[in-house]
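# Survey of secondary and tertiary structure
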Amino acid sequence: MDCGIFVSGMDKKIIITIDGWSSCGKSTLAKQLARELGYVYIDSGAMYRAITLYFLRNHIDWTKPELVKDALDHIHLEFHPNHKTGQSEIYLNEENVEYVIRDLVVAEKVSDVAAIGAVRSCAVAQQQKMGRRKGIVMDGRDIGTVVFPDAALKIFMTADKEIRVQRRFKELYEKNPNVTIEEVRHNLEMRDHIDSHREISPLRQADDALILDNSTISEKEQLSLALNWAAERMGKA
Ligand code: DC
């Protein structure tokens, strides 16, 4: 299985995990935190999305374990910084797929693919490697529970469902004005359900996670809250 990851720019610091429901702003907060702290930001969902993209493009029947195993052997994922934005972007077999993996076509299938044991083992092993040197903010669904159970700071994000639907709709509509709010709502409900009910590593709040409900607070306020938590945990690390 060649699911190797290369991440540049790591330092020796703490690990910060951000888990939570779809579209509650995990990546926005994770990127801002990483920028403020000089940490590397890793979007673990991008890995599941890139694997899904590969399966879709190559017509892989992911209900067949032998086909999944073979396909994973042909998938090589890397994160590289975009020098204009300063953010890590994901590459699938040397192609930058950071933007194409955000399409609804991928979003419709990614929760099914992310529920497959072999896919998760491959992704989790690479995520753990990336955290070896700490100085990382990683967001996802099982980062504080499975990937980094000993992380110094675990944040569990949530927000009112309709607010999440509106946020995701706005984001997708800017790229594709044909998208409807019903499609977005259906996709979000479906992903939340599959992600929290799957057998392997379902989405759940780690016992020691701090809850951040951002339904009514601004991006600035949530960043300041998270930075305070980080400062407190760094003091203890
Ligand atoms: O965060 P996101 O919406 O880009 O994630 C895409 C999908 O990948 C989401 O439906 C759940 C899955 N995922 C997961 O199972 N585990 C993670 N650590 C991250 C994402």
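Residues numbered from 1 in each chain as written. Predicted model: local features only at pLDDT ≥ 70, side-chain atom pairs only at ≥ 80, totals over all residues. Heavy atoms only, no water.

### Looking at the overall build of the protein chain
- Broken down by element type, the protein chain carries 9 helices and 8 strands.
- Over its C-alpha atoms the protein chain spans a radius of gyration of 17 Å, differing by no more than 12% from the 18 Å that the globule rule assigns to 237 residues.
- Each principal axis of the C-alpha distribution contributes one length, and for the protein chain these read about 50 × 40 × 40 Å.
- Evaluated residue by residue, the protein chain yields a buried proportion of 50% over its 237 residues.
- With the model as given, the accessible surface of the protein chain reaches about 11,500 Å², and the carbon-plus-sulfur share is 51%.
- Mean positive and mean negative side-chain charge positions of the protein chain (32 and 36 charges, respectively) differ by 4 Å. (Helix = DSSP H or I, 4+ residues; strand = E, 2+ residues; numbered from the N terminus. Rg over C-alpha atoms; globule rule 2.2 N^0.38 Å. Buried < 20%, exposed > 50% of the residue type's maximum accessible area, 1.4 Å probe, protein only. Areas by Shrake-Rupley, 256 points an atom, 1.4 Å probe, with all protein chains shown as cover. Lys, Arg positive; Asp, Glu negative; His and termini not counted. Charge placed at Lys NZ, Arg CZ, Asp CG, Glu CD.)

### A few points about the sheet that holds strand 3 (residues 77–81)
- Pairing in this open sheet of 3 strands is antiparallel, and the strands run 3-4-5 from one edge to the other. Two strands lie at the open edges of the sheet, namely strand 3 and strand 5 (95–96), each paired on one side alone.
- One ladder, built from 2 bridges, connects strand 4 (residues 88–92) with strand 5; its direction is antiparallel. Bridging from a neighbouring strand, Leu92 pairs with Glu95 of strand 5.
- Contacts from helix 2 (residues 44–57) reach strand 3, strand 4 and strand 5 within the one sheet, and its direction differs from that of strand 4 by about 25°. (Pairing = 2+ DSSP bridges. Contact = heavy atoms within 4.5 Å. Axes fitted to C-alpha atoms, helices over the stretch in contact; angles between N-to-C directions.)

### Let's talk about the environment of Lys31
- Along the chain, the position of Lys31 falls in helix 1 (residues 26–37).
- Accessibility expressed as a relative area gives 32% for Lys31, which makes it partly exposed.
- Expressed as a C-alpha distance, the spacing of Lys31 and Gly144, which sit 113 residues apart in the sequence, is 17 Å.
- What Lys31 contacts, discounting residues up to four positions off in sequence, is Tyr41 and Gln87.

### Section: helix 2
- Compared with the 20 Å implied by 1.5 Å per residue over 14 residues, the 20 Å span of helix 2 between its first and last C-alpha is a close match.
- For helix 2, the tally of buried residues reaches 11 of 14 residues, placing the bulk of the element in the interior.
- What helix 2 keeps buried is the set Ser44, Ala46, Met47, Tyr48, Arg49, Ala50, Ile51, Thr52, Leu53, Tyr54 and Phe55.
- Of the residues one or two after helix 2, His59 is the one with positive phi, at around 50°. (Expected span 1.5 Å × (residues − 1).)

### A short note on the environment of Ala34
- With respect to the helices and strands, the residue Ala34 is situated in helix 1.
- For the pair Ala34 and Val179, spaced 145 residues apart in sequence, the C-alpha separation works out to 31 Å.
- Sequence-distant contacts of Ala34, defined by excluding residues within four places in its chain, comprise Tyr39, Val40, Tyr41 and Val137.

### Quick word on the packing of aromatic side chains
- By the definition in use, this model includes 2 aromatic pairs.
- Taking 6.2 Å as the distance between ring centres and 25° as the angle between the ring planes, the aromatic pair formed by Phe55 and Trp62 counts as stacked. (Phe/Tyr/Trp six-rings, centres within 6.5 Å; stacked < 30°, edge-to-face > 60°.)

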